[in-house]
Amino acid sequence: MTSPTPPGPGSVALITGGTGGFGRALTQKLRERDVTVVAADRDSERNRSVADELGAHFVALDVADRAANEAVVAQVEAEHGRLDAAYLNAGISAAKSDDALDLDEFMRVVDIDLFGVVYGVAAARPAIARAGGGAIVVTASLAGLSPMPSDPGYSVAKGGAIAFVRSMAPRLSREGITISAICPGFADTAIIDRIRHEFEAASFPVIPAAEVADAMVMAWTSGEPGAAYVIQPGIGTVPYKFKGVPSARTATGETAVVPEALRPPSMR
């Protein structure tokens, strides 16, 4: 296997949710490195215009559609010859937060924020392997590590995305692909617009989208397989330290050794 192409001229990145807050900031960072960026997002004149302004190629994509993910990756390879990095960044939150559990909305959030990641990984994996290796970076959230009672669907989806990243890391690493997750706290994007006034009233700092984009670039250049990077105001970007579960014991009381193939990345 050849060495993965680093971010720069000749490398190609796909970003889902590519014209929103994180996607837009990331596209700017990658274009500064002369990376060819394909921004995938909902089909609208506004999104096409944003991609054009950023110097990115635009493709329409519903990330919750498995076949559409495969078609977009095939289009990227056909038009640009390769795929070196996939940023699975598209996501939504619940439209309201109250004690009622709207199951339709819950499932819509999970379809986009979790299954959109699963479908994206399945689609991008063979293309990145054909390019000689690269990176898959998943936009998770601090809510995946510390669930929010105001949005159970979002918490479940982001927690599931982190678990999926950690589970897939060993097999992708064998193919020269590093998969990792970024887990920002409250950030300055449209997803907090409906509660932005609460942050302002409490003088609570939110994370600039550009800071999250820097972490996303780092995850491509030097990320660790299966890592979940927490981003918080005043803290920066740090890898989350997962706590281990109590070990099993043998009949003689010794610590049982988990078979290597079943160990999570943190135990390897």
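Residues numbered from 1 in each chain as written. Predicted model: local features only at pLDDT ≥ 70, side-chain atom pairs only at ≥ 80, totals over all residues. Heavy atoms only, no water.

For the chain, the helix and strand inventory stands at seven helices and eight strands. Relative to its 268 residues, the chain shows a buried fraction of 45%. Considering only intrachain contacts with a sequence separation of at least 6, the fraction spanning at least 24 residues in the chain is 65%. As presented, the chain carries roughly 13100 Å² of accessible surface, and 53% of it is formed by carbon and sulfur atoms. (Helix = DSSP H or I, 4+ residues; strand = E, 2+ residues; numbered from the N terminus. Buried < 20%, exposed > 50% of the residue type's maximum accessible area, 1.4 Å probe, protein only. Contact = heavy atoms within 4.5 Å. Areas by Shrake-Rupley, 256 points an atom, 1.4 Å probe, with all protein chains shown as cover.)

Across the interface, helix α1 (residues 21-32) lies against helix α7 (residues 209-222) with an axial gap of 8 Å and an inter-helix angle of 60°. Viewed along their axes, α1 and α7 adopt a mutual orientation that is oblique. When the axes of α1 and α7 are compared, the crossing they make is right-handed. Contacts between α1 and α7 involve G21, F22, A25, L26, K29 and L30 on the former and, on the latter, A209, A210, V212, A213, D214, M216, V217 and W220. (Axes fitted to C-alpha atoms, helices over the stretch in contact; angles between N-to-C directions. Parallel < 35°, antiparallel > 145°, perpendicular 65-115°, else oblique. Left-handed = near helix turned anticlockwise from the far one by under 90°.)

The next subject is the pairing of strand β5 (residues 134-139). Walk down a regular strand and you will see the side chains alternate between the two sheet faces. Among the six residues of β5, six are classified as buried, and the element is accordingly described as predominantly covered. Where burial is concerned, the two faces of β5 agree: the one with G134, I136 and V138 and the one with A135, V137 and T139 are both buried. Where strand β4 (residues 85-88) meets β5, four bridges bridge the pair, whose relative direction is parallel. Paired with Y87 across the strands is V137, a residue of β5. Direction of pairing for β5 relative to strand β6 (residues 177-184): parallel, over a ladder of six bridges. Directly across from G134, in β6, lies its bridge partner I177. (Pairing = 2+ DSSP bridges.)

What follows is about the pattern of salt bridges. Evaluation of the coordinates by the stated rule reveals seven salt bridges. Between R82 and D84 there is a salt bridge, with its nearest N and O atoms 2.8 Å apart. Accessibility expressed as a relative area gives 23% for R82, which makes it partly exposed. (Salt bridge = Lys/Arg side-chain N within 4 Å of Asp/Glu carboxyl O.)

Running from N to C, α1 and helix α2 (residues 45-54) point in directions that differ by 25°, and their axes come no closer than 10 Å. When the axis of α1 is compared with that of α2, the two are roughly parallel. Between α1 and α2 the crossing geometry is right-handed. Contact with α1, carried on its side by R24, T27, Q28 and R31, involves R46, V50, E53 and L54 of α2 and no other residues of that element. Its residues assigned to classes, the contact of α1 with α2 shows two nonpolar, two polar and four charged. (Nonpolar A, V, L, I, M, F, W, Y, C, P; charged D, E, K, R; others polar.)

This brings us to the packing of aromatic side chains. One pair of aromatic rings is described through two measures. These are the centre distance and the angle between the planes. Summed over the entire model, instances satisfying the criterion amount to three aromatic pairs. Seen from their ring centres, F115 and Y119 are 6.2 Å apart, and the 35° between their planes marks the pair as tilted. One end of the pair, F115, and the other, Y119, are both in helix α4 (residues 103-130), four residues apart, so they sit about a helical turn from each other. Residue classification places F115 among the partly exposed positions, given a relative accessible area of 34%. Relative to F242, the ring of Y240 has its centre 4.9 Å away and its plane inclined at 80°; by these criteria the two rings are edge-to-face. Relative accessible area serves as the criterion here: at 27%, F242 is assigned to the partly exposed category. Sitting over the face of the ring of F242, R166 holds its NZ or CZ atom 3.7 Å from the ring centroid. (Phe/Tyr/Trp six-rings, centres within 6.5 Å; stacked < 30°, edge-to-face > 60°. Lys NZ or Arg CZ within 6 Å of the ring centre and 35° of its normal.)

A separate point is unusual backbone geometry. Backbone geometry follows two general trends: most residues other than glycine have a negative phi, and most peptide bonds adopt the trans configuration. Located in the positive-phi region is D34, a residue other than glycine, with phi close to 65°. With respect to the helices, strands and loops of the structure, D34 is situated in the loop between α1 and β2 (36-41). Taking the relative accessible area as the measure of exposure, D34 reaches 46% and is therefore partly exposed.

Moving on, we get to empty space enclosed by the protein. Tallied over the full model, the rule gives two cavities of 30 Å³ or more. What lines the largest cavity is simply L14, T16, L61, N69, V72, V73, L88, G120, A123 and A124. Every element with two or more residues in the lining of the largest cavity is listed here: β1 (12-16), α3 (66-80) and α4. Looking at side-chain class alone, the lining of the largest cavity contains seven nonpolar, three polar and no charged residues. In this structure, the second largest cavity encloses a volume near 30 Å³. As for the second largest cavity, its lining consists of T16, V63, L88, N89, A90, I112, G116 and V117. It is α4 that contributes the most residues to the lining of the second largest cavity, three residues altogether. (1 Å grid on protein atoms, 1.4 Å probe; cavity = no way out; pocket = protein on both sides within 12 Å on 5 of 7 lines; lining within 4 Å. Points joined across faces, edges and corners; volume = space filled by probe spheres on them.)

Take it as geometry only, folks, not as evidence of what the structure does.
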